[in-house]
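# What the coordinates show
In case you want the letters, here they are:
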Amino acid sequence: LFKSSLEVDANTVREYNWTLRQTAESSLTLIVATSDAFVVEARSGGSKFLWALIWNLPREASEELVDQLGLVERLGGELRELGIETVDSRELLWRLAGGNPRALEWIEGVGVKAWLEGEVLQVVKKYARRLGWSTFLKHAERLASDPDELSYTPKLWQTAVKLNLALEVGGTVRLAELPREPWIGRDYAYQLPAYWYAVKAIAKRKTLKVEPRDVVE
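Residues numbered from 1 in each chain as written. Predicted model: local features only at pLDDT ≥ 70, side-chain atom pairs only at ≥ 80, totals over all residues. Heavy atoms only, no water.

### Focus on the overall build of the protein chain
Secondary structure assignment for the protein chain yields eleven helices and four strands. Each of the 217 residues in the protein chain was classed as buried or not, and the buried ones make up 43%. Sequence-distant contacts, at least 24 apart, represent 67% of the contacts inside the protein chain between residues at least 6 apart. In the form shown here, the protein chain has an accessible surface area of approximately 12,200 Å², with 49% of it arising from carbon and sulfur atoms. (Helix = DSSP H or I, 4+ residues; strand = E, 2+ residues; numbered from the N terminus. Buried < 20%, exposed > 50% of the residue type's maximum accessible area, 1.4 Å probe, protein only. Contact = heavy atoms within 4.5 Å. Areas by Shrake-Rupley, 256 points an atom, 1.4 Å probe, with all protein chains shown as cover.)

In structure tokens:
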């Protein structure tokens, strides 16, 4: 229904543009912000739209936000509580959030341990349950080695996109350069690098009973 409404709007804009070009030598552009899951659905069967990908903050801007939120000091204390003191706080925040402002604000609000428990691990465990534990375990090592392995079966990537665990980055116009990181593939990327680390932890231990410490290490 939403796709149909957008296509009606696109036809209307095209008609306006024809008139504007004849009278004012100008044009209109319709910009719509939507979810990655909807984009996958809307692109099926063809579309009249140009899909553009908005990515997270680049590393430098992400670290500026980290400083504004005072996360380095807070994270240092949490790592000591987890018994992990050899990891650089700034590096870890980049590894977990990848410049995602919402994730950094969540960490600022509840702490990294609660965020990993209440958000990251819950999403990955839900993904495993939706696929079925045996199916997830069968593909876990593959998914942990390369995000593009999500395309191995339709169910793997369709379920991941619906849960906002991953997104499709291939075949889109990129409004910002994607960083070269292991959680970002040519066609697919994890929404948060923390999801990728959680999948790696589960694949390594072959159990869903993983803790925040397992993801951080």
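Read on, since the account is not over.
### Here's the deal with the packing of aromatic side chains
The final tally for this structure, using the stated rule, is four aromatic pairs. With a centroid separation of 6.0 Å and an interplanar angle of 90 degrees, the aromatic rings of Y127 and F136 are classed as edge-to-face. Comparing Y127 with F136 shows no difference in burial state: the two are buried. Aromatic side chains W196 and Y197 sit 4.9 Å apart centroid to centroid with 70 degrees between the ring planes, which places their arrangement in the edge-to-face category. Since its relative accessible area comes to 5%, W196 is described here as buried. Aromatic ring contacts, followed pair by pair, group Y127, W133 and F136 into a single cluster. Above the ring of Y197, the side-chain terminus of R95 is found at 5.0 Å from the ring centroid. (Phe/Tyr/Trp six-rings, centres within 6.5 Å; stacked < 30°, edge-to-face > 60°. Lys NZ or Arg CZ within 6 Å of the ring centre and 35° of its normal.)

### Some words on the nonpolar core
Ranked by internal contacts, the top residues of the largest apolar core, which has 61 residues, are W115, L116, Y127 and F136. Of all the elements, helix α7 (residues 112-131) adds the most residues to this core, at ten residues. Setting aside residues up to four positions removed in sequence, F136 forms contacts with V124, Y127, A128, L131, V199 and I202. (Core = buried A, V, L, I, M, F, W, Y, C linked by side-chain atoms within 4.5 Å.)

### Quick look at the pattern of salt bridges
Per the counting criterion, the structure on display carries eight salt bridges. E117 serves as the salt-bridge partner of K113, at 3.1 Å between the closest nitrogen and oxygen. You can see K113 and its partner E117 sitting in helix α7, four residues apart, about one turn around the helix. Residue classification places E117 among the partly exposed residues on the basis of a relative accessible area of 33%. With a closest N to O distance of 3.3 Å, E141 and K206 form a salt bridge. Residue E141 is found in helix α8 (residues 133-145), and its partner K206 is found in the loop between α10 (193-205) and α11 (212-216); the two are separated by 65 residues along the sequence. Several salt bridges converge on common partners, so that one network encompasses R59, E63 and E91. (Salt bridge = Lys/Arg side-chain N within 4 Å of Asp/Glu carboxyl O.)

### Re the layout of surface pockets
Considered as a void within the structure, the second largest pocket measures approximately 220 Å³ in volume. In terms of residue class, the lining of the second largest pocket is made up of four nonpolar, three polar and two charged. (1 Å grid on protein atoms, 1.4 Å probe; cavity = no way out; pocket = protein on both sides within 12 Å on 5 of 7 lines; lining within 4 Å. Points joined across faces, edges and corners; volume = space filled by probe spheres on them. Nonpolar A, V, L, I, M, F, W, Y, C, P; charged D, E, K, R; others polar.)

Shape descriptors only; they carry no functional weight alone.
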